[in-house]
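Residues per chain, in single letters:
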Amino acid sequence: MDGLGRRLRASLRLKRGRGGPPQDNLGEVVKEPERAQEHCLPNFAGGQHFFEYLLVVSLKKKPSVDDYEPTITYQFPKRENLLRGQQEEEERLLGAIPLFCFPDGNEWAPLTEYPRETFSFVLTNVDGSRKIGYCRRLLPAGRGPRLPRVYCIISCIGCFGLFSKILDEVEKRHQISMAVIYPFMQGLREAAFPAPGKTVTLKSFIPDSGTEFISLTRPLDSHLEHVDFSSLLRCLSFEQILQIFASAVLERRIIFLAEGLSTLSQCIHAAAALLYPFSWAHTYIPVVPESLLATVCCPTPFMVGVQMRFRQEVMESPMEEVLLVNLCEGTFLMSVGDEKDILPPKLQEDILESLGQGIKGSQTSEQINEHVSGPFVQFFVKTVGHYASYIKREANGQSHFQERAFYKALTSKANRRFVKKFVKTQLFSLFIQEAEKSKNPPAGYFQQKILEYEERKKQKKPKEKTLK
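The notes below deal with the structure included here.

Definitions and limits used
Residues numbered from 1 in each chain as written. Predicted model: local features only at pLDDT ≥ 70, side-chain atom pairs only at ≥ 80, totals over all residues. Heavy atoms only, no water. Axes fitted to C-alpha atoms, helices over the stretch in contact; angles between N-to-C directions. Helix = DSSP H or I, 4+ residues; strand = E, 2+ residues; numbered from the N terminus. Parallel < 35°, antiparallel > 145°, perpendicular 65-115°, else oblique. Left-handed = near helix turned anticlockwise from the far one by under 90°. Contact = heavy atoms within 4.5 Å. Nonpolar A, V, L, I, M, F, W, Y, C, P; charged D, E, K, R; others polar. Core = buried A, V, L, I, M, F, W, Y, C linked by side-chain atoms within 4.5 Å. Buried < 20%, exposed > 50% of the residue type's maximum accessible area, 1.4 Å probe, protein only. Patch = residues over 30% accessible without salt bridge, like charges linked within 9 Å, V, L, I, M, F, W, Y side chains within 5 Å. Areas by Shrake-Rupley, 256 points an atom, 1.4 Å probe, with all protein chains shown as cover. Salt bridge = Lys/Arg side-chain N within 4 Å of Asp/Glu carboxyl O. Lys, Arg positive; Asp, Glu negative; His and termini not counted. Charge placed at Lys NZ, Arg CZ, Asp CG, Glu CD. Polar contact = N/O pair within 3.5 Å; in protein donor to acceptor, adjacent residues only side chain to side chain. 1 Å grid on protein atoms, 1.4 Å probe; cavity = no way out; pocket = protein on both sides within 12 Å on 5 of 7 lines; lining within 4 Å. Points joined across faces, edges and corners; volume = space filled by probe spheres on them. Pairing = 2+ DSSP bridges. Expected span 1.5 Å × (residues − 1).

We now examine the packing of helix H6 (residues 238-249) against helix H9 (residues 345-355). When two helices pack together, their arrangement is captured by the angle between the axes and the distance separating the axes. Where H6 contacts H9, the two axes come as close as 10 Å, and the packing angle between them is 135 degrees. Classified by the interaxial angle, the pair formed by H6 and H9 is oblique. The handedness of the crossing between H6 and H9 comes out as right-handed. Of the residues in H9, those touching H6 at Phe 238, Glu 239 and Leu 242 are Gln 348, Ile 351, Leu 352 and Leu 355. Split into classes, the residues belonging to the contact of H6 with H9 amount to five nonpolar, one polar and one charged.

Before going further, it helps to examine the nonpolar core. In this structure, Ile 97, Phe 245, Ile 255, Phe 256, Met 303 and Val 306 are the most contacted members of the largest nonpolar core, which totals 108 residues. Core analysis: the second largest hydrophobic core is formed by 28 residues, Ile 157, Leu 162, Phe 163 and Phe 193 among them.

A contiguous patch of negative charge, built from Glu 107, Glu 290, Glu 313 and Glu 316, is present on the exposed surface. Relative to the elements of secondary structure, Glu 316 occurs in the loop between helix H8 (311-315) and strand S13 (322-326).

With that settled, consider the pattern of salt bridges. Evaluated as defined, the whole model comprises 16 salt bridges. For Lys 172, the salt bridge identified is with Glu 169, shortest N-O distance 3.4 Å. Residue Lys 172 and its partner Glu 169 are both found in helix H3 (residues 160-174); the two are separated by three residues, about one turn of the helix. Lys 172 sits in the partly exposed class, given a relative accessible area of 35%. For Glu 169, the salt bridge identified is with Arg 173, shortest N-O distance 2.7 Å. Note that Glu 169 and Arg 173 are positioned in helix H3 at a spacing of four residues, about one turn of the helix. The exposure classification of Glu 169 matches that of Arg 173, with both residues buried.

Once that is clear, we can look at the side chain of Glu 403. Looking at where Glu 403 falls in the secondary structure, it is placed in helix H11 (residues 403-408). Relative accessible area serves as the criterion here: at 18%, Glu 403 is assigned to the buried category. Within polar-contact distance, the side chain of Glu 403 engages the side chain of Lys 424 at 2.8 Å.

Of the voids in this model, the second largest pocket is the one considered here, and its volume is about 610 Å³. Lining the second largest pocket are 20 residues; nearest its centre among them are Val 381, Lys 382, Leu 410, Tyr 453 and Lys 457. At the level of elements, H9, helix H10 (365-384) and helix H14 (445-467) are the ones that each hand at least two residues to the lining of the second largest pocket. Among the elements that take part in the lining of the second largest pocket, H14 stands out by supplying six residues, more than any other. Within the lining of the second largest pocket, the residues separate by chemical class into seven nonpolar, six polar and seven charged.

The two faces of the sheet receive side chains in turn, since in a regular strand these alternate between them. Note: strand S3 (residues 53-61) against strand S4 (residues 68-76), eight bridges, orientation antiparallel. Residue pairing for S4: Val 57 is matched across the bridge by Ile 72. The antiparallel hairpin formed by S3 and S4 contains six residues in its connecting segment, where Ser 64 sits at a positive phi of about 70 degrees.

Turning our attention to the environment of Thr 283. Counting through the fold element by element, Thr 283 comes out in strand S11 (residues 283-285). Between the C-alpha atoms of Thr 283 and Thr 300, which are 17 residues apart in sequence, the distance is 8.4 Å.

Looking now at helix H2 (residues 84-101). Along its 18 residues, H2 runs 27 Å from first to last C-alpha, staying within 8% of the 26 Å computed at 1.5 Å per residue. Among the residues of H2, Glu 90, Leu 93, Leu 94, Ala 96, Ile 97, Pro 98, Leu 99, Phe 100 and Cys 101 are the ones counted as buried.

The next thing to look at is H6. Compared with the 16 Å implied by 1.5 Å per residue over twelve residues, the 16 Å span of H6 between its first and last C-alpha is a close match. Where H6 is concerned, the buried positions are Gln 240, Ile 241, Leu 242, Gln 243, Ile 244, Phe 245, Ala 246, Ser 247, Ala 248 and Val 249. Following H6 by one or two positions, Glu 251 has its phi on the positive side, about 55 degrees.

Right, let's get into the sheet that holds strand S12 (residues 302-307). If you walk across this open sheet you meet the five strands as S11-S12-S10-S13-S14, and the pairing is mixed. What marks the edges here is a single partner per strand, and that holds for S11 and strand S14 (331-334). Neighbour-to-neighbour, the strand axes of this sheet turn through a mean angle of 25 degrees, independent of strand direction. By the bridge criterion, six bridges tie strand S10 (residues 253-258) to S12 in an arrangement that is parallel. Opposite Phe 256, over in S12, you have Gly 305 as the bridge partner.

As far as function goes, none of this settles anything; it's purely spatial.
Put into structure tokens, the structure is as follows:
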């Protein structure tokens, strides 16, 4: 393993403590202020830069050996006049990226056909801040055998659908010339990232085609903008998705296996998104590079994706209490055995009933996302939606969460048993810490669903009295 692989692997030796900041880190890449996270990624109101870098990563033959090494061959923008500390941070970031653009190792041969793949990876810093790499891997234009390359956009914004469209535009321009990419990306860099539901329109000139207007619209419901549940639904049954959710809620070790980078990337993002409004703060690698496969031996929680070609190596690794999901065959290759018993039975039935109501073929991806995510949001509304009533604020401004009173307030014994375990997780601890620090009343999508649920309960009570 090369030096970078060793450094990244060493950084996966995690420390976990209730109440502390996330410390499960894939490379100390860039130091940034800690941000509130939503399903592993920050929630942006709009106004930031779209991206930090556009990179082209190509395979370069190593001298005197048959292996290839992924190397950055194009970078926009070029950073100049950086301070020493900033330069070191940039070098760490750019040094890590090629490994994740070609996670499947260095053994390549020139090809005449290669199915393009769109995937993403996440680089996590020691303070929990994360950068996302949006990738498009394909064969460059030309004739005869050639090696694939990757266009990679680095951003701290989580919005997979929108960046996939940007990659479409980059790919289209690169078929003409790299010089045509520059004005498009410069225009994008100067534009402000839109607020949820808003659109930004870019004007771009393409030789022989003239001026084009490109509209980029951000989904209205921002907590689902970095996810597409379609791949997860194609690969697994509702019952299996529910068991993955149950394992994630108790912060267990979960490994996804699949052939394609796109499938792995989309399914692991979808699994993390089911945890909304909570954030997976442990090791999180949508596609594990070959040199980091020992990650699956970590004794601490992780959620990772591994290509099927490494299945045997994973199966032979010493692992405890892991859920190993084969996305190609829709099966669990390993499990703890109690996945069906983690969640309260009645609430499991509610989730499965809601999911089973069906997804019409004419529905948009946003409607499908809402259909899948909705029942899991309702699960948290019913189990922990009363949390705000048990944060007591003292006169000195300090806040204290009354944990025991919080779970004892639940009338259902099954719900209470589950919540007593859930409050001990880092998922819940980080969520409550943010709520304790907030001086304003809770707001956002989750709070909206809590209020709707409480209103329905109020309306239900008079009807029940009338029936009596």
